[in-house]
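# Fold and contact review
Chain by chain, the residues:
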Amino acid sequence: MATWGDLVAFVRSEFRVTRVEPDEIRIELEFDDERRQAVIVQREVLDKREEWVQIASPCGKAAEVNLLGLLTELGNAAVVGGAVVMGEYVVIRHSLPLENLQINEFVDPMTLLAGTADELEEMFTGGDGY
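Overview of the structure. Because the structure is a prediction, the values reported are computed rather than measured.

### Looking at the layout of surface pockets
- Here the largest pocket is characterised by a volume of approximately 230 Å³.
- Lining the largest pocket are 14 residues; nearest its centre among them are Arg-26, Ile-40, Ala-56, Pro-58 and Val-91.
- Taken together, the elements giving at least two residues each to the lining of the largest pocket come down to strand E2 (24-30), strand E3 (36-46), strand E4 (50-61) and strand E6 (89-97).
- Within the lining of the largest pocket, the residues separate by chemical class into 9 nonpolar, 3 polar and 2 charged.

### Brief notes about the pattern of salt bridges
- Enumeration according to the criterion identifies 14 salt bridges in this entry.
- Glu-50 serves as the salt-bridge partner of Arg-49, at 2.9 Å between the closest nitrogen and oxygen.
- The exposure class of Arg-49 is exposed, given its relative accessible area of 58%.
- Two residues, Glu-88 and Lys-61, come together in a salt bridge whose shortest N-O distance is 3.5 Å. Of this pair, Glu-88 sits in the loop between strand E5 (82-86) and E6 while Lys-61 is found in strand E4, placing the two residues 27 residues apart along the sequence.

### A look at helix H2 (residues 67-77)
- Taken together, the buried positions of H2 are occupied by Gly-69, Leu-70 and Leu-74. Buried residues of H2 fall within an arc of 130° about the axis and therefore sit on the same side. Looking at H2, the residues exposed on the side facing more than 90 degrees away from the buried face are Leu-68, Gly-75 and Asn-76.
- Elements in contact with the buried residues of H2: E4, E5, E6 and helix H3 (103-125).
- Structurally, the start of H2 carries an N-cap: the backbone nitrogen of Leu-68 is 3.2 Å from a side-chain oxygen of Asn-66.

### Considering the packing of H2 against H3
- Two numbers describe how H2 lies on H3: the axes approach to 11 Å, and their chain directions differ by 140°. Of the possible angle classes, the one that applies to H2 and H3 is oblique. Here H2 runs over H3; the crossing is right-handed. Facing Gly-69, Leu-70, Glu-73 and Leu-74 of H2, the residues of H3 in contact are Thr-116, Leu-120, Met-123 and Phe-124.

About the thresholds
Residues numbered from 1 in each chain as written. Predicted model: local features only at pLDDT ≥ 70, side-chain atom pairs only at ≥ 80, totals over all residues. Heavy atoms only, no water. 1 Å grid on protein atoms, 1.4 Å probe; cavity = no way out; pocket = protein on both sides within 12 Å on 5 of 7 lines; lining within 4 Å. Points joined across faces, edges and corners; volume = space filled by probe spheres on them. Helix = DSSP H or I, 4+ residues; strand = E, 2+ residues; numbered from the N terminus. Nonpolar A, V, L, I, M, F, W, Y, C, P; charged D, E, K, R; others polar. Salt bridge = Lys/Arg side-chain N within 4 Å of Asp/Glu carboxyl O. Buried < 20%, exposed > 50% of the residue type's maximum accessible area, 1.4 Å probe, protein only. Arc of directions from axis to C-beta. Contact = heavy atoms within 4.5 Å. Polar contact = N/O pair within 3.5 Å; in protein donor to acceptor, adjacent residues only side chain to side chain. Axes fitted to C-alpha atoms, helices over the stretch in contact; angles between N-to-C directions. Parallel < 35°, antiparallel > 145°, perpendicular 65-115°, else oblique. Left-handed = near helix turned anticlockwise from the far one by under 90°.

The following block contains the structure:
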C-alpha cells in the first residue's frame, strides 16, 4: 500500500465509514461488547514531501477528564499511541509513514489504538459517546 488512495479504498472496503474528506476518512469500529469507537484516519504531508497517516480516536473532553490519571493509565497499558489534546478532546493518536505501508502495519495499530481509546473513555468518562 503506497498511496493515500489505496489506503482509503482499503478502509472503505473493510470498515464502516462515517465520513470522507479529501485528506481524512472517519470510521466506526464496533467491539464484541457492542461498544463503538470513532477513528479518524488522516493524511499528513511532512516537509511537503513525505506522506504519513495519522490515526486518532477520542476518549473524552479534556476539561472533563482527569488528565494525570489518563496519562498514567495510558503509560501503564498502551502499546501504541500517545494522548494529545485536539480542540476540546483528548485523543489517542499514532502516526505511520505511508510509503511502503503494509495492511497489518495499519490495521493492527489502528485496532489497538481504538481499543485503548475505548477503554480509557469507559474508565474516565463512564460512557460510550465516541
